[in-house]
Amino acid sequence: MNIEIEKHKSSKIVEENINYTRIHPYFQSENLILYLNDCIEAMSQLQDDSIDMIFADPPYLLSNDGVTCYAGKMVSVNKGDWDRSNGFDKDLMFQESWLKQAKRILKPEGTIWVSGTMHNIFQIGYLLQKLNYHILNDIVWYKPNAAPNLACTTFAHSHETLIWAKKNKKAKHIFNYEMMKNGTFPEDKMKTQNKQMRSVWSIPTPMPDEKLFGKHPTQKPLALLKRIVLASTRDNSIILDPFNGSGTTGLATLLIGNRQYIGIDNNKDYLDLTIKRFNHYNFNHQLFV
Ligand SMILES: C[S@@+](CC[C@H](N)C(=O)[O-])C[C@H]1O[C@@H](n2cnc3c(N)ncnc32)[C@H](O)[C@@H]1O
């Protein structure tokens, strides 16, 4: 299936779940919609209890003009203006606003994943508890190929945290336990075949072949998102990523198949990069399933 060809086909998700008086899709095909909007604005137009799983990779707020190491060279840590902190209180207010919308639109048995680093993950954890989500796991995504710490003043940052939560404690959430236990995860040197999946996942940062169509400064590895989608959704699930970036969550959704995806980002260049990635992978769809 080539998404470009199907661009004008209306999505199955559209009529049922979205109020079109205020937002319009930037791109859509049968199983996906992309919005070029602020995520809080776009989420406010989604129906209550309409989404099965949310993966969110919000700004890390670490772009403070410092330096880091990339491919052996000293480079700026700045990811873009969208990643600058507006101060503790405003950052907290922003995170609370979108997490409230997320809770409203999640189905009762739906779950949310939020990824972050020490710059934002403690605010997220605090807010998830404040908003009465029920935390299921905090996953350590260990990056075996993380960049060294050039300043040599702290330990080298080599993980991110993913908090997985459900809407409330009593809800019966989806967890594909057997698939996680018995599936094959060749990228993960810490996973033992046919043993329970543990909460530390070793997955390298995206390889050059995941960046063929351009770079997003905080692009997640496809293997990470495939695992998340496989673990916590089923056929016909609707998956939302309010911080779509280069569309890794959407790509994982389409490659796994039988699911629908809604992506939101307020940066046109990133949505265009997403569309290029969708077209490429879908053109070669049979190779990846
Ligand atoms: C950490 S990146 C997500 C990267 C993504 N997970 C990937 O694999 O490419 C965060 C994204 O959120 C977008 N963003 C930041 N603030 C936003 C907002 N208020 N509404 C919608 N998108 C926003 C940025 O443009 C950026 O692409």
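Structure's up top.
All of these numbers come straight from a predicted model, not from anything done at the bench. (Residues numbered from 1 in each chain as written. Predicted model: local features only at pLDDT ≥ 70, side-chain atom pairs only at ≥ 80, totals over all residues.)

Turning next to unusual backbone geometry. Non-glycine residue Asp49 carries a positive phi angle of around 50°. If you trace the backbone, Asp49 turns up in the loop between α2 (39-43) and β3 (51-56). Positive phi outside glycine occurs at Asn236, with the angle close to 75°. Tracing the backbone through its elements, the reader meets Asn236 in the loop between α6 (222-232) and β10 (238-241). Overall, Asn236 belongs to the exposed group, with 10 C-beta atoms counted inside 10 Å. (Helix = DSSP H or I, 4+ residues; strand = E, 2+ residues; numbered from the N terminus. Buried ≥ 20, exposed ≤ 12 C-beta atoms within 10 Å, placed from the backbone.)

Once that is clear, we can look at the packing of helix α3 (residues 88-105) against helix α4 (residues 121-130). It is the contact of α3 with α4, at a shortest axis distance of 10 Å, that shows an interaxial angle of 50°. Between α3 and α4, the interaxial angle falls into the category oblique. Of the two elements, α3 crosses α4, and the hand of that crossing is right-handed. Residue-level inspection shows Asp91, Leu92, Gln95, Glu96 and Leu99 of α3 in contact with α4, the latter providing Gln123, Ile124, Leu127 and Leu128. (Axes fitted to C-alpha atoms, helices over the stretch in contact; angles between N-to-C directions. Parallel < 35°, antiparallel > 145°, perpendicular 65-115°, else oblique. Left-handed = near helix turned anticlockwise from the far one by under 90°. Contact = placed C-beta atoms within 7 Å.)

This brings us to the sheet that holds strand β7 (residues 134-142). The strand order across the open sheet built from 9 strands is β1-β2-β11-β10-β3-β6-β8-β7-β9, with neighbouring strands paired in mixed fashion. Strands with a single pairing partner mark the edges of an open sheet, and in this sheet they are β1 (27-29) and β9 (200-202). Adjacent strand axes in the sheet meet at a mean angle of 15° when their direction is disregarded. Here β1 runs beside strand β2 (residues 32-36); their pairing, made up of 3 bridges, is antiparallel. Opposite Ser29, over in β2, you have Leu32 as the bridge partner. Against the sheet, α4 engages β6 (106-116), β7 and β8 (159-166), with an angle of about 10° to β8. (Pairing = 2+ DSSP bridges.)

With that out of the way, let us pick up the packing of α6 against helix α7 (residues 248-256). Contact geometry for α6 and α7: axes closest at 8 Å, N-to-C directions at 60°. Between α6 and α7, the interaxial angle falls into the category oblique. The handedness of the crossing between α6 and α7 comes out as right-handed. In contact with Leu222, Leu225, Lys226, Val229 and Leu230 of α6, α7 contributes Thr248, Thr249, Leu251, Ala252, Thr253, Leu255 and Ile256. Along the lines of polarity and charge, the residues of the contact of α6 with α7 split into 8 nonpolar, 3 polar and 1 charged. (Nonpolar A, V, L, I, M, F, W, Y, C, P; charged D, E, K, R; others polar.)

A word on the nonpolar core. Counting 57 residues, the largest nonpolar core has Ile51, Ile54, Phe55, Ala102, Ile112 and Trp113 as the members making the most contacts within it. Residue contributions to this core peak at 7 residues, all from α6. (Core = buried A, V, L, I, M, F, W, Y, C linked by C-beta atoms within 7 Å.)

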